[in-house]
Amino acid sequence: MYSIPTHSQLLEDAGFRIIRAVAIPSGDPSLYVFRFSVEARGGIKASVQITVQDDEVKSIEGLPPMYTFTDGKIVLTDTVPAPVKKKAMALQRISSQVSASALDQKFKEAAEVVKKAFDLGTAKLYMGKEKPRRYIGASHIGNDCIAYNSLCARGFPNDIETPRQTRIFQNGHTLEDFVVAQLKAGGLNISEVAEDGKQHEYTALGGHVVCHLDGIITGEKGFKAVLEVKSMNKKRFENFVLQGVALSDPHYYAQVQLCMYLSGMQYAVFVCYCKDNSDFSAEIVPYNKDVAIGLMQRAKEALEARTLKPKKDFYCQFCFKRSACQEAKTNSINTCAQCLHASAITTGEGKRWLCDVHSTEKQGDSLACPNFIAFNNGFI
Ligand code: SF4
Ligand code: SF4
């Protein structure tokens, strides 16, 4: 029987919701064509055309892709469960709506506001909070430029970081804490602070050379080691795993060697965390006296220098003291440590300086007098 209800049943049996149905005259009394607007599972809409000839369904066209007509029935062909499919389709719909919206200028402007707020937040929370360090730190000593180490020892300003660079540094600190917490939970005996509640600190050459440790690991039979934690991107991490820290990151190798020299420990545990995939690795680094003595010699030369000794090479472009070195940039308030008349006192403690003009000892943060000449002035 050629009627719409007869053939709409075929669709309803397959779970379609009929929205609209029309019979289209074919001109041939034995041939009938019905067209249905339907909604299939997952909200998919389709226009299905059923052709009937001599009381028999000859073809069904326009079924959604996951349906087929077989053995006189419309059946689902895909094996994905309907709820999953529905969810995927709903997500697809949302995604297409969102991408259409994303093209809207208003939304682009709103996204810019969010981006600016992030940079502003970084600037407010972290940037310019730390005064430039006025010592040669273990993390600096890997730089073989004497000028760089002199500028660090004297507390010349760093170049201003971008918010992104600041976030990279902050992220590094956060990840160090994250790693140490897990090492401790995993059973390692780690002390992160000394008895005074501050980071373990060791100094030399009158306090002008300083190291701060991420922690001290203690083990059986009095074993003690410097703990150094670093986070790296995947490429660098893989290089470290392949070659070991001495070859992959000589800067970090110098850092742990100086830490061992200053602390008297014979080993360092270098733990590396991959920022890209949360992989990690560790290396036990033994103390190398020759390397450490060479680094101390470098620090001494930088402290004794009375003129800037720039090395000027390819790496200058990455140097945070570039403006102080090449453009004579100084702090907004000058102190004796930055004065050409001051020479480092490398005995005792306290990061003291000897003033040639007044023949007196000065603290590094003593405000400059009218005789002040900036160490990096470039005249001498
Ligand atoms: S800019 Fe170059 S020469 Fe100057 S301190 Fe930095 S690394 Fe040394
Ligand atoms: S000359 Fe003045 S600024 Fe320079 S070290 Fe002496 S007291 Fe300090």
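Computed from a prediction, not measured in an experiment: that's the story for all the values here.

Quick look at a nonpolar patch on the surface
Logical step 1: On the surface, Phe-223, Tyr-267 and Ile-284 cluster together into a nonpolar patch covering about 270 Å² of accessible area.
Logical step 2: Secondary-structure assignment places Tyr-267 in strand 13 (residues 267-274).
Logical step 3: Residue classification places Tyr-267 among the partly exposed residues on the basis of a relative accessible area of 36%.

A short note on the sheet that holds strand 12 (residues 224-232)
Logical step 1: Strand order in the open sheet formed by five strands is 8-11-12-13-14, and the pairing between neighbours is mixed. Looking at strand neighbours, the two that pair on one side only are strand 8 (189-191) and strand 14 (280-286), the edges of this open sheet. Adjacent strand axes in the sheet meet at a mean angle of 30°, parallel and antiparallel pairs treated alike.
Logical step 2: One ladder, built from seven bridges, connects strand 13 with strand 14; its direction is antiparallel.

Examining the site of ligand 1
Logical step 1: Every residue near ligand 1 is listed here: Cys-145, Tyr-148, Pro-310, Lys-311, Lys-312, Cys-316, Cys-319, Arg-322, Cys-325 and Gln-326.
Logical step 2: Per-element tally for the shell around ligand 1: the top contributor is helix 10 (residues 322-326), with three residues.
Logical step 3: Across the shell around ligand 1, the residue classes tally to six nonpolar, one polar and three charged.

Concerning the domain arrangement of the protein
Logical step 1: Each assigned domain of the protein is listed here: domain 1 (4-83) and domain 2 (124-362).
Logical step 2: Put simply, the middle of domain 1 and the middle of domain 2, counted by C-alpha atoms, are 74 Å apart.

A few points about the site of ligand 2
Logical step 1: What surrounds ligand 2 is the set Cys-336, Cys-339, His-341, Ala-342, Cys-355, Val-357, His-358, Lys-362, Ala-368, Cys-369, Asn-371 and Phe-372.
Logical step 2: Broken down by class, the residue content of the shell around ligand 2 amounts to eight nonpolar, three polar and one charged.

Some words on the sheet that holds strand 17 (residues 360-363)
Logical step 1: Judged by pairing direction, the sheet is antiparallel, and its three strands sit side by side in the order 15-16-17 without closing on themselves. Among the strands making up the open sheet, the edge pair consists of strand 15 (342-344) and strand 17. Taking each pair of neighbouring strands and ignoring which way they run, the sheet shows an average axis angle of 40°.
Logical step 2: Summarising the sheet, strand 15 and strand 16 (residues 352-355) pair through three bridges and their orientation is antiparallel. Considered in strand 16, the bridge of Ala-342 is made with Cys-355.

Here we look at the environment of Phe-16
Logical step 1: Mapped onto the secondary structure, Phe-16 falls in the loop between helix 1 (4-13) and strand 1 (17-24).
Logical step 2: Exposure remark for Phe-16: the relative accessible area of 4% places this residue in the buried category.
Logical step 3: Along the chain, Phe-16 and Ala-40 lie 24 residues apart, while their C-alpha atoms are 4.8 Å from each other.
Logical step 4: Setting aside residues no more than four positions away along its own chain, Phe-16 makes contact with Leu-11, Val-38, Glu-39, Ala-40, Leu-63, Pro-64, Tyr-67 and Ile-74.

Comments concerning the pairing of strand 4 (residues 56-61)
Logical step 1: Bridging between strand 3 (residues 45-53) and strand 4 involves five bridges; their strand directions are antiparallel. For Gln-49, the partnering residue across the bridge sits in strand 4 and is Glu-61.
Logical step 2: Remark: two residues form the turn of the hairpin made by strand 3 and strand 4, two consecutive strands paired antiparallel; Asp-54 in that turn has positive phi of roughly 50°.

Here's the deal with the packing of aromatic side chains
Logical step 1: Under the counting rule described, the total for this entry stands at 10 aromatic pairs.
Logical step 2: Pairing Phe-223 with Tyr-267 gives two aromatic rings, centres 5.8 Å apart and planes at 35°, and the pair type is tilted. With a gap of 44 residues between them, Phe-223 in the loop between strand 11 (215-218) and strand 12 and Tyr-267 in strand 13 connect regions that are remote in the sequence.
Logical step 3: Judged by relative accessible area, which is 32%, Phe-223 ranks as partly exposed.
Logical step 4: When the ring of Tyr-252 is compared with that of Phe-270, the centres are 6.0 Å apart and the planes differ by 35°; the resulting orientation is tilted. Within this pair, whereas Tyr-252 is found in helix 8 (residues 250-263), its partner Phe-270 is found in strand 13, the two being separated by 18 residues in sequence.
Logical step 5: Here the aromatic residues Phe-240, Tyr-252 and Phe-270 are joined through ring pairs into a cluster of three or more.
Logical step 6: Residue placement shows Arg-154 over the ring face of Phe-375; its charged tip is 4.2 Å from the ring centre.
Logical step 7: The side chain of Arg-167 reaches across the aromatic face of Phe-118, ending 4.6 Å from its centre.

Concerning the pairing of strand 1
Logical step 1: Looking at chain direction, strand 1 and strand 2 (residues 31-39) are connected through seven bridges and run antiparallel. Pairing of Val-22 across the sheet is with Arg-35, part of strand 2.
Logical step 2: Counting the residues that bridge the hairpin from strand 1 to strand 2 gives six residues, and of these Gly-27 lies at a positive phi of roughly 90°.

So, unusual backbone geometry
Among all residues save glycine, negative phi is the norm, and among peptide bonds the norm is trans.
Logical step 1: Of note in this structure, Lys-221 is not a glycine but carries a positive phi near 55°.
Logical step 2: Considering the arrangement of structural elements, one finds Lys-221 in the loop between strand 11 and strand 12.
Logical step 3: Overall, the relative accessible area of 87% leaves Lys-221 in the exposed class.
Logical step 4: Phi at Ser-359 takes a positive value of approximately 50°, unusual for a residue other than glycine.

What counts and how
- All residue numbers refer to position in the chain's written sequence, counted from 1.
- Labels follow written order: the first chain is A, the first ligand is 1, and so on.
- Where totals are concerned, whole chains, interfaces and linings use all residues; where local detail is concerned, this predicted model gives features only for residues with pLDDT of at least 70, and gives and counts side-chain atom pairs only at 80 or more.
- The basis for every side-chain value is the complete set of non-hydrogen atoms in the structure, without hydrogens or water.
- Exposure above 30% relative accessible area and the lack of any salt bridge qualify a residue for a patch; like charges then connect within 9 Å, and the nonpolar side chains Val, Leu, Ile, Met, Phe, Trp and Tyr within 5 Å.
- The Shrake-Rupley method, run with a 1.4 Å probe sphere, supplies the accessible areas, and residue values consider only the shown protein chains as cover.
- Put simply, a salt bridge is a Lys or Arg side-chain nitrogen that is within 4 Å of an Asp or Glu carboxyl oxygen.
- To qualify as a helix, a DSSP run of H or I must reach at least 4 residues; to qualify as a strand, a run of E must reach at least 2; elements of each kind are numbered from the N terminus.
- A simple rule labels every residue: compare its accessible area, found with a 1.4 Å probe on the protein chains alone, to the largest value its type can have, and call it buried under 20%, exposed over 50%, or partly exposed in between.
- Should DSSP find at least two bridges between two strands, the strands are regarded as paired.
- Whenever a helix is involved, its axis is fitted only over the stretch in contact; in every case the axis is a line through C-alpha atoms, and angles between N-to-C directions fall within 0 to 180 degrees.
- By convention in these notes, a residue is near a molecule or strand provided one of its non-hydrogen atoms lies within 4 Å of it.
- Throughout this entry, Asp, Glu, Lys and Arg are counted as charged residues, while Ala, Val, Leu, Ile, Met, Phe, Trp, Tyr, Cys and Pro are counted as nonpolar. The remaining residues, Gly among them, count as polar.
- As used throughout, domain bounds are those supplied by an automatic or database domain assignment.
- Two residues form a contact once any of their heavy atoms are found within 4.5 Å.
- Side-chain rings of Phe, Tyr and Trp (the six-membered ring for Trp) are treated as a pair once their centres are within 6.5 Å; stacked means planes under 30 degrees apart, edge-to-face means over 60, and tilted covers the remaining angles.
- For a ring to carry a charge above it, either NZ of a lysine or CZ of an arginine must fall within 6 Å of the ring centroid while also lying within 35 degrees of the normal to the ring plane.

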